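Report on the structure
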Amino acid sequence: MRRICVFCGSRSGVRPAYRAAAEALGKLLAERGIELVYGGGNVGLMGVVADACLAAGGKVVGVIPRVLMDWEVGHEGLTRLEVVDSMHTRKARMAELADGFIALPGGLGTFEELFEILTWAQLGFHNKPVALFNVEGYYLPLVQMMERGVEEGFMKQENRGLLLVEDNLFALLRSMAAYHPPAVGKRIRDEKHL
């Protein structure tokens, strides 16, 4: 993987472990020669992961909508900052640039980015690894909800298999490097009950 897109909060959260995880991720990407692609902000975990990657000699590409330049204080010290016209363009551009995706802890925006990129994988629009860095068990309820979706018949097991989950950064990158997308079964319209 040459580039990894990181979805994360524009806030830092209440636990110091979240900030430490963002710093560790940014540093490790730089050390491994993997470019960071992210939302272009200079605040919260977004700013932390970008600054850590840059401080360790890495390259960072930010993609930010013009309207958010002021809200998220667009990071002016990046290798490259792309200012785009909308959130839709931002997500499409980050997906285009990246060879894989990691979600650090975050809020609604992070959840939305994560689930959109997973949906694109489910639909076969890409076959890149998507992973949760489950810092301090932050994403455990979300993982449980996905498993419930399988149990209740709203998701197929192979769709749950699209999401890698690790609480160790090194294991996370190993899982991403070894990722093979699960075979996708029949689409919804082909199922007997419809």
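Look above for the structure.
How each quantity is defined
Sequence order sets the numbering: in each chain, residues are counted from 1 along the sequence as written. For this predicted model, a pLDDT threshold of at least 70 governs which residues receive local features, and a threshold of 80 or more governs which side-chain atom pairs are given and counted, while totals over whole chains, interfaces and linings are taken from all residues. Side-chain measures were taken over the full set of non-hydrogen atoms in the model, leaving aside hydrogen atoms and water. Within this scheme a cavity is a closed region of a 1 Å grid, computed over the protein atoms alone, that accommodates a 1.4 Å probe without allowing it to escape, whereas a pocket is open but has protein on both sides within 12 Å along at least five of seven lines; lining residues each have an atom within 4 Å of a point. Grid points are joined across faces, edges and corners, and a volume is the space filled by probe spheres set on the points. Helix and strand labels come from DSSP, where a helix needs a run of H or I of at least four residues and a strand needs a run of E of at least two; each type is numbered from the N terminus. Polar here means any residue other than Ala, Val, Leu, Ile, Met, Phe, Trp, Tyr, Cys and Pro, which are nonpolar, and Asp, Glu, Lys and Arg, which are charged; Gly is therefore polar. Only protein chains enter the area calculation, which uses a 1.4 Å probe; residues under 20% of their type maximum are buried, those over 50% are exposed, and those in between are partly exposed. The criterion for strand pairing is that DSSP finds at least two bridges linking the strands in question. Each axis is a line fitted through C-alpha atoms, taken for helices only over the stretch in contact, and angles between the N-to-C directions span 0 to 180 degrees.

Attention now goes to empty space enclosed by the protein. Tallied over the entire structure, the rule returns one cavity of 30 Å³ or more. Its volume calculated, the largest cavity comes out at about 50 Å³. What lines the largest cavity is simply F7, K91, M94, E113, E116, I117 and W120. Residue assignment for the lining of the largest cavity shows that the elements contributing at least two residues are α4 (87-97) and α5 (108-122). The element contributing the most residues to the lining of the largest cavity is α5, with four residues. Of the residues assigned to the lining of the largest cavity, the class counts are four nonpolar, no polar and three charged.

Turning our attention to the environment of E31. By the secondary structure assignment, E31 is in helix α1 (residues 16-31). The exposure class assigned to E31 is exposed, which follows from its relative accessible area of 52%. For the pair E31 and R66, spaced 35 residues apart in sequence, the C-alpha to C-alpha distance is 31 Å.

Judged by pairing direction, the sheet is parallel, and its seven strands sit side by side in the order β4-β3-β2-β1-β5-β6-β7 without closing on themselves. This sheet does not close on itself; its edge strands, each paired only once, are β4 (80-84) and β7 (163-166). Taking each pair of neighbouring strands and ignoring which way they run, the sheet shows an average axis angle of 25°. By the bridge criterion, five bridges tie strand β3 (residues 60-65) to β4 in an arrangement that is parallel.

The next point concerns the layout of surface pockets. Estimates place the volume of the largest pocket at around 360 Å³. If you go around the largest pocket, you meet 24 residues; those closest to its centre are C8, G9, S10, G107 and T110. Elements with a contribution of two residues or more to the lining of the largest pocket: β1 (3-7), α2 (44-55), α4 and α5. Split into classes, the residues belonging to the lining of the largest pocket amount to eleven nonpolar, nine polar and four charged.

By themselves these figures say nothing about function.
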